[in-house]
Amino acid sequence: MKTRQRISWRSLVATSLICLSSVSLTMNSSSAEAASAAPSQVKNVILVHGAWADGSSWSKVIPLLNAKGMNVVAVQLPLTSLADDAATVKRAIALEDGPVLLVGHSYGGAVITEAGNDPKVRGLVYVAAFAPDDGQSAGSLGATMAPPPLAAEVKPDREGFLKLTKAGIYESFAQDLSAPEKAILYAAQAPTSAKSLGGNVTSAAWHSKPSWYIVASEDRAIQPDLEKSMANKIHATTSTIPSSHVPMLSHPDVVADVIEQAAGLK
């Protein structure tokens, strides 16, 4: 019984960190038009972190956006299930006065995909992130691809929460950051429930909202080619950064610039 559990966890971890490159999608004309139309002058930005992280993931981006006059909120996901995490973002949206831009990193992409149908949301920005379709989860996106290097460094506990090893953080999650920054990420990582990574999106917001995608070309947590595939699938305006899985920490100026473009400020 224990052997079967370990195999199950290994399978879930592998599929949670990669995405399908073979899924095809036929966009209807209204969705294609929505994807090409940029929102104008959106000043409210909600930043959504990924697995094993918290709102401080955006600590280098927030001052850059504030300097442009943007109202920025970085949510703190419970990382207990996709439903719980999306509900956290929906509460943040409800508190904002006016249009909102959602920005999601990694697993946070699945969260903004689920939460982004709110009428206040004018656009979605994916930062090295998952972009599931209806009925898909971050985990189910990886069925046909070999797991990335980080997959071997994810360890489950008895309660179904996953953590990264030190080697995983240093070599495959944030390999282009300084040693002190890596040490902080490792010490402060937030355990993430497998329920979050396995939660299915009910209605993917990118079908009706314009999207932007930042591909991290040196990513060892999600294969860069798979990120490109997702960006193409959702008809996103795409940028590529020579970055690890955490471009908002290694290249915050470039990430902030894309967010400003998506908000209609450039």
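One can find the structure itself at the top, above this paragraph.
The model shown is predicted, which means the values in this text are computed figures rather than measured ones.

Trainee: Can you break down the overall build of the protein chain residue by residue, with the values?
Mentor: Along the protein chain, the regular secondary structure elements total 11 helices and 9 strands. Split into buried and exposed, the 266 residues of the protein chain put 53% on the buried side. A sequence separation of at least 24 residues applies to 73% of the contacts in the protein chain between residues at least 6 apart. Of the roughly 10900 Å² of accessible surface on the protein chain, a fraction of 53% belongs to carbon and sulfur atoms.

Trainee: Give me the nonpolar core: which residues, what numbers.
Mentor: Counting 74 residues, the largest nonpolar core has V89, L102, Y107, V125, Y126, V255 and I259 as the members making the most contacts within it. The contacts of Y107, once residues within four sequence positions are left out, are G50, A51, L77, L79, S81, L82, D85, F130, A138, S196 and L197.

Trainee: Any details on the packing of helix α4 (residues 82-95) against helix α5 (residues 108-115)? Residues and values, ideally.
Mentor: Axis separation between α4 and α5 bottoms out at 9 Å; the angle between their running directions is 60 degrees. By crossing handedness, the relation of α4 to α5 is classed as right-handed. Taken together, the residues of α5 that come into contact with α4 (itself represented by L82, D85, A86, V89, K90 and I93) are A110, V111, E114 and A115. Among the residues making up the contact of α4 with α5, the classes are represented as 7 nonpolar, no polar and 3 charged.

Trainee: Break down the pairing of strand β1 (residues 44-48) for me, with residues and values.
Mentor: The element β1 is extensively covered by neighbouring structure, given that 5 of its 5 residues are classed as buried. What you see with β1 is no split at all: N44, I46 and V48 on one side and V45 and L47 on the other are buried throughout. Pairing analysis gives 4 bridges linking β1 to strand β2 (residues 71-74), with the strands arranged parallel. Each bridged residue has a counterpart across the sheet, and for V45 the counterpart in β2 is V72. When β1 meets strand β3 (residues 100-105), the two strands line up parallel, connected through 5 bridges.

Trainee: Which residues make up the side chain of S57, and what values go with them?
Mentor: One can find S57 in the loop between β1 and α3 (62-66). Using a relative accessible area of 6% as the deciding quantity, one classes S57 as buried. Separated by 2.9 Å, the side chain of S57 and the backbone oxygen of D54 make a polar contact. Aside from chain neighbours lying at most four places away, what touches S57 is H49, M248 and L249.

Trainee: With reference to specific residues and values, describe the pattern of salt bridges.
Mentor: One pass over the full model with this rule turns up 4 salt bridges. Between K266 and D257 there is a salt bridge whose closest N-O contact spans 2.1 Å. When its relative accessible area of 58% is taken as the criterion, K266 is described as exposed. Given the relative accessible area of 23%, D257 is considered partly exposed. Between K266 and E260 there is a salt bridge; the shortest N-O distance is 3.5 Å.

Trainee: Give me the lowdown on the environment of D97, citing residues and values where you can.
Mentor: If you trace the backbone, D97 turns up in the loop between α4 and β3. Sequence separation between D97 and K43 is 54 residues; the distance between their C-alpha atoms is 9.8 Å.

Trainee: Account for the sheet that holds β3, with residues named and values stated.
Mentor: Here 6 strands make up an open sheet; going across it, the order is β2-β1-β3-β4-β8-β9 and the pairing parallel. Among the strands making up the open sheet, the edge pair consists of β2 and β9 (237-241). Going from strand to strand, the sheet's axes swing by 15 degrees on average, the running direction of each strand aside. Pairing geometry for β3 and strand β4 (residues 121-127), over 6 bridges, is parallel. The residue of β4 that forms the bridge with L101 is G123. Against the sheet, α4 engages β1, β3 and β4, with an angle of about 165 degrees to β1. Those strands touched by α5 are β1, β3 and β4, and its axis lies near 150 degrees from that of β3.

Basis of the calculations
- Residues numbered from 1 in each chain as written.
- Predicted model: local features only at pLDDT ≥ 70, side-chain atom pairs only at ≥ 80, totals over all residues.
- Heavy atoms only, no water.
- Helix = DSSP H or I, 4+ residues; strand = E, 2+ residues; numbered from the N terminus.
- Buried < 20%, exposed > 50% of the residue type's maximum accessible area, 1.4 Å probe, protein only.
- Contact = heavy atoms within 4.5 Å.
- Areas by Shrake-Rupley, 256 points an atom, 1.4 Å probe, with all protein chains shown as cover.
- Core = buried A, V, L, I, M, F, W, Y, C linked by side-chain atoms within 4.5 Å.
- Axes fitted to C-alpha atoms, helices over the stretch in contact; angles between N-to-C directions.
- Left-handed = near helix turned anticlockwise from the far one by under 90°.
- Nonpolar A, V, L, I, M, F, W, Y, C, P; charged D, E, K, R; others polar.
- Pairing = 2+ DSSP bridges.
- Polar contact = N/O pair within 3.5 Å; in protein donor to acceptor, adjacent residues only side chain to side chain.
- Salt bridge = Lys/Arg side-chain N within 4 Å of Asp/Glu carboxyl O.

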